[in-house]
Amino acid sequence: MTVLEIAAPDDWHVHLRDDHMLASVTPYTARCFRYALVMPNLVPAICSTAAAVAYRDRILAAAGPHARPDFQPLMTLYLNDALDRADLLAGAADGQVMAAKYYPAGATTNSAAGGSSLLAYRQVLEAMAEAGIPLLVHAESTDPDVDIFDREAVFLERELLPVLDQVPGLRVTVEHISTRAGLDLVRANDGVAGSITPHHLTCDRSDVLANGLRPDLYCKPVINSREDRDALVAAATSGDPSFFLGTDSAPHPLSHKLASPARPGVFNAPYALEVVAELMFQCDALDRLEGFVSWHGADHYRLPRAGSTVRLTRLAEDETTPLDEVTTVDGQTVTIFGVEAARRWRWEPLTEPEQVGG
Ligand code: DOR
Ligand code: ZN
């Protein structure tokens, strides 16, 4: 039997939503992950420190009875015209705000409030570089002339490279990297890191399209080619500290996933750890799991690595029958990604984590 012990994992990119959905999904993140870097794409978007602090309070209230005692949501502000530079700097200096997130307008769910040019925020970015506040980017060109499978590469080329060039010292996370182009950019630039999702690591576009359309796997950036997926797996299993887990868990009611147009987003929080553990197992790289899920992100965000540990056990047979959907308090169904991996893994907190502030 395969048993391993790792430092408690962190999720460096998660959507927890609000209201009924928040209440239904947050416990899954809170019981597994120590830090959760929470995305600000609510409607209205989280653009001020006050809004982020109020949202964090709602998240903590929704964390549920099985939350890790050290579960800590880390808050991000939505970088757009409504963001006030002084407020961001004060919020970050106070430890209330971790980062600012840039969405190209129209690229994905709730991105209508996003920008049309990253460099248009040059003054904010310069202040962030000076204060050491990380920029998180949704790297997808919204140019309709660009093929959907090339949009990450084009955004990086047209939007991010000029910023890296003109705002030296800016710390950046390229979120949910989906292509080799994203990996290459991270490797080539100091201070730039990349989060990678469980679904981009374990699926390619044939899984989405070839055997009947799979709306449950539709996300932004879209899951790309087999070659891209192989490159992501190589990065995640390489031990390179520039790459770490960001689940991009993004719940939508099944009715919205099955609508036309379908909403992009994969809800993977319940089994994200199991999916990555199974991938590492299949790649004979379980010794890289801890770096990818527990160390590299904390190092990039200059936070302490977890002192507490989690034990993972790979089950010889299908010993469990994991849930494959969640029903929200208002009766919506949300499909869970990663059920196959959840049949093979069990995990439990091993050493008692310290209470936040304790
Ligand atoms: O697939 C996605 N869903 N990608 C994103 O960038 C946003 C997310 C969401 O909020 O649903
Ligand atoms: Zn996201």
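Described below are features of the structure shown in this document. Predicted model, so just to flag it, every value in this text is computed and none were measured.

### Here's the deal with the packing of aromatic side chains
Step number 1: Across all of its chains, the model carries eight aromatic pairs by this definition.
Step number 2: Judged by centre distance (6.4 Å) and plane angle (75°), the rings of Phe281 and Trp345 are edge-to-face. Pair noted here: Phe281 is in helix 11 (residues 272–282) and Trp345 is in strand 13 (residues 345–349), with a separation of 64 residues, a long-range link.
Step number 3: Classification of Phe281 by relative accessible area gives partly exposed; the value is 27%.
Step number 4: Members of the aromatic cluster, joined through ring pairs, are Trp12, Tyr35, Phe244 and Tyr301.
Step number 5: Over the ring of Phe149 we find Arg205, and its NZ or CZ is 4.6 Å from the ring centre.
Step number 6: One residue, Arg314, lies across the ring of Phe281, its end atom 3.8 Å from the ring centre.

### What about the coordination of the zinc ion (ligand 2)?
Step number 1: Here the zinc ion (ligand 2) is held by His13 (NE2), His15 (NE2) and Asp248 (OD), and the distances to it run 2.0 to 2.1 Å.
Step number 2: Read in sequence order, the donor residues for the zinc ion (ligand 2) give the motif H-x1-H-x232-D.
Step number 3: The buried category is assigned to His13, whose relative accessible area is 0%.

### Focus on the state of the cysteines
Step number 1: With the rule as written, the count across this model stands at zero disulfides.
Step number 2: Its sulfur unpaired, Cys32 is 19 Å from the next cysteine sulfur, which belongs to Cys203.
Step number 3: Just so you know, Cys283 is unpaired, no disulfide at all, and the nearest cysteine sulfur is the one on Cys203, 14 Å from it.

### Quick notes on the site of ligand 1
Step number 1: Near ligand 1 you find 14 residues, and of these Arg17, Asn41, Thr108, Lys220 and His252 are the closest.
Step number 2: Within the side chain of Thr108, an N or O atom sits 3.2 Å from a nitrogen atom of ligand 1.
Step number 3: Interatomic distance of 3.0 Å between a backbone N/O atom of Pro264 and a nitrogen atom of ligand 1.
Step number 4: If you map ligand 1 onto the pockets, it falls in the largest cavity.
Step number 5: Considering only residue class, the shell around ligand 1 consists of three nonpolar, eight polar and three charged.

### Observations regarding the sheet that holds strand 1 (residues 2–7)
Step number 1: Pairing is antiparallel across the open sheet formed by three strands, whose spatial order is 1-10-13. A single partner strand is all that each edge strand has here, and the edge strands are strand 1 and strand 13. Adjacent strand axes in the sheet meet at a mean angle of 20° when their direction is disregarded.
Step number 2: Relative to strand 13, strand 10 (residues 309–314) is paired through five bridges, and the arrangement is antiparallel. Residue pairing for strand 13: Thr313 is matched across the bridge by Arg346.
Step number 3: Contacting strand 1 and strand 10, helix 12 (residues 289–300) crosses the sheet at an angle of about 25° to strand 1.

### Thoughts on the sheet that holds strand 8 (residues 192–196)
Step number 1: Reading across from one edge, 2-3-4-5-6-7-8-9 is the order of the eight strands in this open sheet, with parallel pairing throughout. On the outer flanks of this sheet lie strand 2 (11–14) and strand 9 (243–245), each paired with one strand and no other. The mean inter-strand angle of the sheet, taken between neighbouring strand axes irrespective of direction, is 30°.
Step number 2: With three bridges connecting them, strand 5 (residues 99–102) and strand 6 (residues 135–137) associate as parallel partners. The residue of strand 6 that forms the bridge with Ala100 is Leu135.
Step number 3: Most of the contacts of helix 2 (residues 49–62) go to strand 4 (residues 72–78), to which it runs at about 150°, and overall it touches strand 3 (35–38) and strand 4.
Step number 4: Strands strand 2, strand 7 (172–174), strand 8 and strand 9 of the sheet are contacted by helix 12, whose axis makes an angle of about 120° with strand 9.

What counts, and at which threshold
Residues numbered from 1 in each chain as written. Chains lettered and ligands numbered in written order. Predicted model: local features only at pLDDT ≥ 70, side-chain atom pairs only at ≥ 80, totals over all residues. Heavy atoms only, no water. Phe/Tyr/Trp six-rings, centres within 6.5 Å; stacked < 30°, edge-to-face > 60°. Helix = DSSP H or I, 4+ residues; strand = E, 2+ residues; numbered from the N terminus. Buried < 20%, exposed > 50% of the residue type's maximum accessible area, 1.4 Å probe, protein only. Lys NZ or Arg CZ within 6 Å of the ring centre and 35° of its normal. Donors = N, O, S within 2.8 Å, 3.2 Å for Na, K, Ca; no water. Disulfide = S-S within 2.5 Å. Near = heavy atom within 4 Å. Polar contact = N/O pair within 3.5 Å; in protein donor to acceptor, adjacent residues only side chain to side chain. 1 Å grid on protein atoms, 1.4 Å probe; cavity = no way out; pocket = protein on both sides within 12 Å on 5 of 7 lines; lining within 4 Å. Sits in = over half its atoms within 2 Å of the grid points. Nonpolar A, V, L, I, M, F, W, Y, C, P; charged D, E, K, R; others polar. Pairing = 2+ DSSP bridges. Axes fitted to C-alpha atoms, helices over the stretch in contact; angles between N-to-C directions. Contact = heavy atoms within 4.5 Å.

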